Amino acid sequence: MKKYNCRTCGAELYFDAATQKLKCEYCDSEFDPAEYEEMAETGQETGEKDSEKSGRIAGEQEIQPETADSDARSTDDSEGELVVYKCSHCGAEIITSKSTVATTCLYCNRAVVLERNVTGELKPDYVIPFVKKREDVENAYRKLCKSTFLAPKLFKEESTVKKIKGMYIPFWLHSMHADATLTATAKKYRVWQVGDVEHTEVKTYQIERSASGDFDKIPTDALAKMDNNLMDAIEPFDYSSLKPFVPAYLAGYYTERFDEPAGQTKERAQKRAKDCMYEQMMEGLDGYGEVTVQNEHVRYSEEKAEYGMLPVWMMYTEYKGKNYIFGMNGQTGKMIGEIPKDYKKAALVTAGVFLGTQLLMMLFRLIGGLF
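Read on for an overview of the structure. The residue count restarts for each chain, going from 1 along the sequence in the order it is written. Where local features are concerned, this predicted model is filtered to residues with pLDDT of at least 70; where side-chain atom pairs are given and counted, the filter is 80 or more; whole-chain, interface and lining totals use all residues. Values shown for side chains rest on all heavy atoms present in the structure; no hydrogens or waters enter the calculation.

### Some thoughts on the sheet that holds strand β2 (residues 21-24)
Here is step 1 of the chain: Whether two strands pair depends on DSSP finding at least two bridges between them. To qualify as a helix, a DSSP run of H or I must reach at least 4 residues; to qualify as a strand, a run of E must reach at least 2; elements of each kind are numbered from the N terminus. In space, the 3 strands of this open sheet follow the order β1-β2-β3, with antiparallel pairing throughout. Among the strands making up the open sheet, the edge pair consists of β1 (13-16) and β3 (30-31).
Here is step 2 of the chain: Sheet topology note: the β1/β2 ladder contains 4 bridges and is antiparallel. Note that in β2 the partner of Phe15 across the bridge is Leu22.

See below:
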């Protein structure tokens with residue numbers, strides 16, 4: 001278990017999106033995450049216990065779900081196994097899935113980075129740090145609720161707003177070269193009329209097109225439980241902020257390691273590359289009355305997959321048996337999701353308007369009778 005302490009006062013450090021630094025909330029000291037990690041690796045870290053250097057703390061044990069209480073079971077997203085850690089700050093037990101990389105202690109809110117899930121083959125190549133702060137996403141969410149007519153009360157409650165969680169989502173970043181060919185038949189129609197007779201001329205053309213391209217870091221989320229369409233919708237990410245991965249960027253956020261190998265998500269990346277080239281090859285064909293694709297072929301080469309952690313703010317809210325998702329790109333601020341409408345509230349509003357109208361009409365008739 002990795003902890004990040006201030007080198008000035010020893011207090012807890014968290015990654016601050018506003019300054020892009022590890023920041024101490026007590027003395028306001030700031031540290032560059034990459035430099036902090038480098039100093040730790042060269043032995044300049046202070047106050048680190050031997051059990052923490054090993055990436056595993058005293059008291060860590062694995063348990064089966066049936067040995068945990070019901071609340072612990074409900075938080076388990078692994079396939080039947082939980083891991084229990086003892087918080088080195090307050091001593092409380094942290095129960096989490098075996099795939100968790102970073103989280104916080106529920107009791108002391110201490111940032112916890114479980115390094116064994118980001119070492120060796122599990123270590124990401126890149127990370128895009130959070131830019132949008134919690135207050136940014138909460139303000140944007142409240143604005144969305146206000147702009148949604150008849151939003152249910154549940155979605156406006158502070159307890160719901162506080163459920164928004166900053167998460168680093170594991171992504172595979174696929175790069176490749178692609179060559180595509182397309183053959184199609186296209187028809188043009190010319191219609192004219194002579195007297196009462198309508199004439200139609202049909203000209204048929206053979207179309208052959210090709211395209212090629214180099215595609216760099218097409219993102220595909222690497223969590224099986226994550227909705228792929230949801231993650232696609234939250235793009236794009238600005239790769240100019242892509243940094244070499246160090247665990248310090250995760251401090252204070254929730255993170256899980258990938259559970260879908262790169263090979264399982266490769267076809268999704270290939271399809272995106274193919275769709276891009278297909279759109280390019282079809283350009284200019286809208287002048288034909290009818291286009292029928294007969295054959296298309298794509299050949300991929302120079303394929304490579306890199307592992308990255310990308311920032312997302314997310315919240316799941318259950319309402320009337322349905323899960324509603326709100327999300328925000330933690331770098332760009334792009335929002336996704338929907339707020340439902342409370343039609344019972346709509347009926348009450350309609351009834352209130354009707355009653356108010358009737359009362360006004362009665363008042364006008366009463367005033368008219370007096371005069």
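### Here we look at helix α8 (residues 262-282)
Here is step 1 of the chain: For α8, spanning 21 residues, the distance from its first C-alpha to its last is 30 Å, which sits close to the expected 30 Å at 1.5 Å a residue.
Here is step 2 of the chain: At the C-terminal side of α8, Gly284 shows a positive phi close to 85°. One fewer than the residue count of a helix, multiplied by 1.5 Å, yields its expected span.

### Observations regarding helix α4 (residues 134-147)
Here is step 1 of the chain: Helix length check: α4, at 14 residues, gives a terminal C-alpha distance of 20 Å against a target of 20 Å (1.5 Å per residue), a fit within 8%.
Here is step 2 of the chain: Taken residue by residue, α4 has Val137, Glu138, Ala140, Tyr141 and Cys145 as its buried positions. Down the axis of α4, the sector holding all buried residues measures 165°, keeping them to one side. Turned more than 90 degrees away from the buried face of α4, the exposed residues are Lys143, Lys146 and Ser147.
Here is step 3 of the chain: Note on contacts: a residue pair qualifies if any of its non-hydrogen atoms lie within 4.5 Å across the two residues. The secondary structure elements touched by the buried residues of α4 are α5 (153-156), α6 (158-161), β14 (290-319), β15 (322-329) and β16 (335-337). The buried label applies to any residue whose accessible area, calculated with a 1.4 Å probe on protein chains only, is under 20% of its type's maximum; exposed applies above 50%, and partly exposed to all values in between. As used here, the arc is the angular range of directions from the helix axis to the C-beta atoms.

### Points about the pattern of salt bridges
Here is step 1 of the chain: In what follows, salt bridge is the name for a side-chain nitrogen of Lys or Arg lying within 4 Å of a carboxyl oxygen of Asp or Glu. With the rule as written, the count across this model stands at 17 salt bridges.
Here is step 2 of the chain: Residue Arg268 pairs with Asp221 through a salt bridge whose shortest N-O separation is 3.0 Å. Pair noted here: Arg268 is in helix α8 and Asp221 is in strand β11 (residues 197-221), with a separation of 47 residues, a long-range link.
Here is step 3 of the chain: Taking the relative accessible area as the measure of exposure, Asp221 reaches 0% and is therefore buried.
Here is step 4 of the chain: Among the ionic pairs, Arg268 bridges to Glu260, the shortest N-O distance being 3.9 Å.
Here is step 5 of the chain: Bridged by salt links that share partners, the residues Arg134, Glu138, Arg142, Glu158 and Lys162 form one connected network.

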